[in-house]
Number of protein chains: 2
Amino acid sequence: MPAGGTPFISKKQAEFARREQEILNAALSLFEGPHWEQVTVEQISRKAEIGKGTVYKHFASKEEIYAYITLAFTDKLLENFETATSSEDVLVCLKNIIRIAFDMFLANPAQARVSFYCKREDYRNRLPQELREQFEKLDSRFENFIGSILTSGIEQGIIPEKPVEHLMMGLEATFDGAISMIWNTDVSHQHTIDLDTYVTIISEYMLAGLVGLKQSSD
Amino acid sequence: MPAGGTPFISKKQAEFARREQEILNAALSLFEGPHWEQVTVEQISRKAEIGKGTVYKHFASKEEIYAYITLAFTDKLLENFETATSSEDVLVCLKNIIRIAFDMFLANPAQARVSFYCKREDYRNRLPQELREQFEKLDSRFENFIGSILTSGIEQGIIPEKPVEHLMMGLEATFDGAISMIWNTDVSHQHTIDLDTYVTIISEYMLAGLVGLKQSSD
DNA sequence: CTGATTTATGACTGAAAGTCACAAAAATTC
DNA sequence: GAATTTTTGTGACTTTCAGTCATAAATCAG
């Protein structure tokens, strides 16, 4: 019965929650490296200065650790997106959003890599239902957000009148593909251009593909 | 000393080569399933009706099996591409190529999935040098092929005058992203459209992005 | 047919995910 | 504040799987 100055969360519970965050931070710091999938739970536990078994008191599996990292990262991403819709111009808005997305993915490679891993269907099927639902909720938040921008672009006659889901697919595919390419092949080495140029090119390409689609071709 | 009717390859060597193909076929048939990364070397050996150790007489590691599957598949893909360049119209050519690529990736999910896995830089670094070089050779064959089509498109004034590498990046990114999306989320379930429609949309988007790029924006 | 060489094999090793019986600490009761 | 119950922490243990290797089986040479 919490009363007076006592908070609803006991000291112990707070401690427990803090440790959870410590595990996630330890994991993230290890995932920075190039072979993040090789990182073991034991390494994470050592980094967090706890026993391996304790990790499993917080997360039912290694993959749940991935899930929590991804959920937090995607949430932050969406938050940042919402600050980018100040402009009236739909294309400027989209350009800003694309920029923010690339910036966040490149500035937080560990989170971003894990987030990518968490897109895979087989991964999601392995997850307990509750987490799967959280992913679905976040996905639809994302779709609604981009969808509303595209819709207003169509209303303003800037974007061809196609189903927003279709428009969104192209954007998402190009973005995901570009990010994969950045990670899989060291862009600057493979293509002899720097990352910033690459991002600009892809961003232009994404918008060109969107705007340039013919008004219902057949 | 091979002489008379005796071929250079002895019966034994032929047998050995045949078995190699059997291993690859066994692996591929197991990779058809949804959890292809979970397939074990022992399962492959059982499917090929040989001992596990024998697999390692042919391939130094499980990842080398992936490599040989990918090299064969990519080679066939390029071969098919070359049949699609009959048309004079560059955009028709590209449309055909995109179609072929999607068709082959969707008709051969096992090969395609493995090929995707083999794009990852960390994977390639683990490979012995000889195989890595084979991958690089195939990559540049691919780039040259698409590059030459884009170049003639620029000459014909159909495609904006940008470095072909830049143009190629957008195409590749969108294609890879689309394929990933098809695998990661069951497209027909997620987006309530069928695969064929999806492929058409993405194909249109790819070409629109290519053609629609402004002539050096800044 | 005998001995040499090549090829095939599955028991073994090592590494890592996940479990669990028990230890340590904290909370509760008297 | 001692005794008891509950919660939390732990590393030794189990399982699974990639990769190794000593040995068996097959093939070949003379």
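The structure displayed is predicted, hence computed values, not measured ones. All residue numbers refer to position in the chain's written sequence, counted from 1. Each chain is given a letter, starting from A, and each ligand a number, starting from 1, according to the order in which they appear as written. This being a predicted model, a pLDDT of at least 70 is required before a residue's local features are given, and a value of 80 or more before pairs of side-chain atoms are given or counted; all residues contribute to the totals for chains, interfaces and linings. With hydrogens and water stripped out, all remaining heavy atoms of the structure feed into the side-chain values.

### Digging into the overall build of chain A
1) Next: Put simply, DSSP H or I for four residues or longer makes a helix, DSSP E for two residues or longer makes a strand, and each gets a number counted from the N terminus. When helices and strands are counted, chain A shows eleven helices and zero strands.
2) Next: Each helix (α) and strand (β) of chain A, taken in turn from the N terminus, gives the series α-α-α-α-α-α-α-α-α-α-α.
3) Next: Using a 1.4 Å probe on the protein chains alone, a residue whose accessible area is under 20% of its type maximum counts as buried, one over 50% counts as exposed, and one in between counts as partly exposed. A buried classification covers 46% of the 218 residues belonging to chain A.
4) Next: Any two residues whose heavy atoms approach within 4.5 Å are treated as being in contact. For chain A, restricting intrachain contacts to residue pairs at least 6 apart in sequence, the fraction spanning at least 24 positions comes to 67%.

### Describing the protein's contact with DNA strand D
1) Next: The environment of DNA strand D is made up of 15 residues, and the closest members are A:R19, A:G51, A:T54, B:K52 and B:K62.
2) Next: Note that a base oxygen of DNA strand D is positioned 2.7 Å from one of the side-chain N or O atoms of B:K52.
3) Next: Here the nonpolar group is Ala, Val, Leu, Ile, Met, Phe, Trp, Tyr, Cys and Pro; Asp, Glu, Lys and Arg are the charged ones; every other residue, Gly included, is treated as polar. Tallied by class, residues from the surface near DNA strand D come to five nonpolar, five polar and five charged. Proximity criterion: a residue is near a molecule or strand once any of its heavy atoms comes within 4 Å of it. Counting of polar contacts relies on pairs of N or O atoms within 3.5 Å, with two restrictions inside protein: one atom must be capable of donating a hydrogen and the other of accepting it, and residues adjacent in sequence are counted only when both atoms are side-chain atoms.

### As for the protein's contact with DNA strand C
1) Next: Close to DNA strand C lie 16 residues, the nearest being A:K52, A:K62, B:R19, B:G51 and B:T54.
2) Next: Close to the protein, within 4 Å, the atoms of DNA strand C belong to sugar or phosphate groups at a rate of 64%.
3) Next: In this structure, a phosphate oxygen belonging to DNA strand C sits 2.8 Å away from a side-chain N or O atom of A:K62.
4) Next: Elements with a minimum of two residues in the surface near DNA strand C: α3 (52-58) of chain A together with α1 (11-31) and α3 (52-58) of chain B.

### Some thoughts on the interface of chain A and chain B
1) Next: Every contact between the two is made by 41 residues of chain A and, on the other side, 41 residues of chain B.
2) Next: Carbon and sulfur atoms supply 59% of the area buried between chain A and chain B, which totals about 3300 Å² over both sides.
3) Next: Every case where a carboxyl oxygen of Asp or Glu lies within 4 Å of a side-chain nitrogen of Lys or Arg is listed as a salt bridge. Here chain A is connected to chain B by four salt bridges.
4) Next: One salt bridge connects B:K162 with A:E204, and the closest N-O pair in it is separated by 3.2 Å.
5) Next: At the surface where chain A touches chain B, the tally comes to five residue pairs in polar contact (both at pLDDT 80 or more).
6) Next: If you list the elements that add at least two residues to the side of chain A that touches chain B, you get α7 (121-126), α9 (164-184) and α11 (195-212) of chain A.
7) Next: Top element by residues in the side of chain A that touches chain B is α9(A). It accounts for 13 residues. When two parts are brought into contact, each loses some accessible area as probed by a 1.4 Å sphere; the total of that loss over both is the buried area.

### A look at the environment of B:M206
All names here are of chain B.
1) Next: Here M206 lies in helix α11 (residues 195-212).
2) Next: Under the relative-accessibility criterion, M206 is labelled buried at 3%.
3) Next: Put simply, M206 and T174 are 32 residues apart on the chain and 6.8 Å apart in space, counted from C-alpha to C-alpha.

### Some details on the nonpolar core
1) Next: In plain words, nonpolar cores are sets of buried Ala, Val, Leu, Ile, Met, Phe, Trp, Tyr and Cys residues tied together by side-chain atoms within 4.5 Å. Ranked by internal contacts, the top residues of the largest apolar core, which has 140 residues, are A:F31, A:F102, A:L150, B:F31, B:F102 and B:L150.
2) Next: Contact partners of A:L150, with chain neighbours within four places excluded, come to A:L94, A:I159, A:V164, A:L167, A:M168, A:L171 and A:L210.

### With respect to the packing of aromatic side chains
The geometry of an aromatic ring pair is captured by two quantities: the separation of the ring centres and the angle between the planes.
1) Next: Each aromatic pair joins two rings of Phe, Tyr and Trp (for Trp, the six-membered one) with centres within 6.5 Å, and gets the label stacked for planes under 30 degrees apart, edge-to-face for over 60, and tilted for any other angle. For the coordinates displayed, the defined rule picks out 29 aromatic pairs over all chains.
2) Next: On the numbers, 6.5 Å between centres and 85° between planes, the contact of A:Y205 with B:Y205 is edge-to-face. One end of the pair, A:Y205, is in helix α11; the other, B:Y205, is in helix α11, on a second chain. A single burial state applies to A:Y205 and to B:Y205, both of which are buried.
3) Next: Taking the centre distance of 5.4 Å and the plane angle of 70° together, the rings of B:Y117 and B:Y123 count as edge-to-face.
4) Next: Overall, B:Y123 belongs to the buried group, its relative accessible area being 0%.

### A word on the relation of the copies chain A and chain B
1) Next: Superposing chain A onto chain B takes a rotation of 180° plus a shift of 0.0 Å along the axis, which leaves an RMSD of 0.1 Å. Expressed as a symmetry operation, the mapping of one chain copy onto the other fits a two-fold axis.
2) Next: Of the residues that chain A buries at the interface, 100% are likewise interface residues in chain B, meaning the two copies contact each other through the same surface. We place the copies in one frame by least squares, fitting the C-alpha atoms of every residue whose pLDDT is at least 70 in both.

### Considering the pattern of salt bridges
1) Next: Taken as a whole and assessed by the stated rule, the structure comprises 18 salt bridges over all chains.
2) Next: Residues joined by salt bridges that share partners form a network here, namely A:K119, A:E172 and A:D176.

### Some points on the confidence of the model for chain A
1) Next: Known as pLDDT, the predictor's confidence for each residue is given on a scale from 0 to 100. The pLDDT averaged across chain A works out to 86; a share of 88% of its residues lies at or above 70.
2) Next: Low pLDDT (under 50) marks residues 1-8 of chain A, which in the prediction has three contacts with non-local residues, meaning those over four places away or in another chain.

### Focus on the packing of helix α5 (residues 90-107) of chain A against helix α6 (residues 109-117) of chain A
All names here are of chain A.
1) Next: The contact between α5 and α6 brings their axes to 5 Å, and the two run at 105°. With respect to each other, α5 and α6 are oriented roughly perpendicular. Contact with α5, carried on its side by F105, L106 and A107, involves P109, A112 and F116 of α6 and no other residues of that element.
2) Next: Classifying every residue of the contact of α5 with α6 gives six nonpolar, no polar and no charged. Only C-alpha atoms enter the line fits that serve as axes; for helices the fit covers just the stretch in contact. Angles between N-to-C directions range over 0 to 180 degrees. An angle counts as roughly parallel when it lies under 35 degrees, as roughly antiparallel when it exceeds 145, as roughly perpendicular when it falls between 65 and 115, and as oblique in every other case.

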